[in-house]
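Residue-level listing of the chains:
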Amino acid sequence: MMEGSSLENHKIDVEKNFKKYEKIADKLKAIAHPYRLCIVKGLIDGECNVTTIQECLNLPQSTVSQHISKLKSAGIIEGRRSGLEICYRVVDNDIIDVVKLLLND
């Protein structure tokens, strides 16, 4: 059995798919915080606005907004304007699957 050849193939795969792996790692970093993970879990269950998220997590609005911003910039959630408020929802199906797997849902 040639173990070196398997590692060599993996090296080629990493080089070929580095951007893909980098994008996945960025998404994982975005949910790798207890509050952001909680926000994503809640938004998987249904749309929500910042005020409701703030009340559920008992956090200042500015803190919730920072977490929302990180999740939005990672492409995990997006907002839909409804009058004066914005309702957020999870739009990344891979992240939905990962969170459900992690939380045994």
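Residues numbered from 1 in each chain as written. Predicted model: local features only at pLDDT ≥ 70, side-chain atom pairs only at ≥ 80, totals over all residues. Heavy atoms only, no water.

## Thoughts on the nonpolar core
Here is step 1 of the chain: V40, L43, I53, L71, I76, I77 and V90 are the most contacted members of the largest nonpolar core, which totals 21 residues.
Here is step 2 of the chain: Looking at this core, the elements that each hand over two or more residues are α2 (18-31), α3 (34-45), α4 (50-57), α5 (61-73), β3 (85-90) and α6 (93-102).
Here is step 3 of the chain: By residue number, the principal contributor to this core is α3, which donates four residues.
Here is step 4 of the chain: If near-sequence neighbours (up to four positions away) are discounted, I77 is found in contact with L43, I68, L71, K72, Y88, R89, V90 and V91. (Core = buried A, V, L, I, M, F, W, Y, C linked by side-chain atoms within 4.5 Å. Buried < 20%, exposed > 50% of the residue type's maximum accessible area, 1.4 Å probe, protein only. Helix = DSSP H or I, 4+ residues; strand = E, 2+ residues; numbered from the N terminus. Contact = heavy atoms within 4.5 Å.)

## Digging into the pairing of strand β2 (residues 77-82)
Here is step 1 of the chain: Two strands pair when backbone bridges link them, and β2 and β3 are joined in this way by six bridges, in the antiparallel orientation. Within β3, the residue paired with G79 across the bridge is Y88.
Here is step 2 of the chain: In this structure, the hairpin formed by β2 and β3 is closed by a connection of two residues, where G83 is found at a positive phi of approximately 70°. (Pairing = 2+ DSSP bridges.)

## Section: the packing of α2 against α6
Here is step 1 of the chain: At a minimum axis separation of 11 Å, α2 and α6 run at an interaxial angle of 50°. What the angle tells us is that α2 and α6 run oblique. As α2 packs across α6, the resulting crossing turns out to be right-handed. Counting all contacts with α2, which are made through K27, L28 and I31, the residues of α6 involved are I95, V98 and V99.
Here is step 2 of the chain: Counted by class, the contact of α2 with α6 contains five nonpolar, no polar and one charged residues. (Axes fitted to C-alpha atoms, helices over the stretch in contact; angles between N-to-C directions. Parallel < 35°, antiparallel > 145°, perpendicular 65-115°, else oblique. Left-handed = near helix turned anticlockwise from the far one by under 90°. Nonpolar A, V, L, I, M, F, W, Y, C, P; charged D, E, K, R; others polar.)

## Topic: unusual backbone geometry
Here is step 1 of the chain: Even without being glycine, N58 reaches a positive phi, approximately 55°.
Here is step 2 of the chain: Here N58 shows up in the loop between α4 and α5.

## Looking at the sheet that holds β3
Through backbone hydrogen bonds, the strands of a sheet pair up, either in parallel or in antiparallel fashion.
Here is step 1 of the chain: Spatially, β1-β3-β2 is the arrangement adopted by the three strands of the open sheet, whose pairing is antiparallel. Strands with a single pairing partner mark the edges of an open sheet, and in this sheet they are β1 (48-49) and β2.

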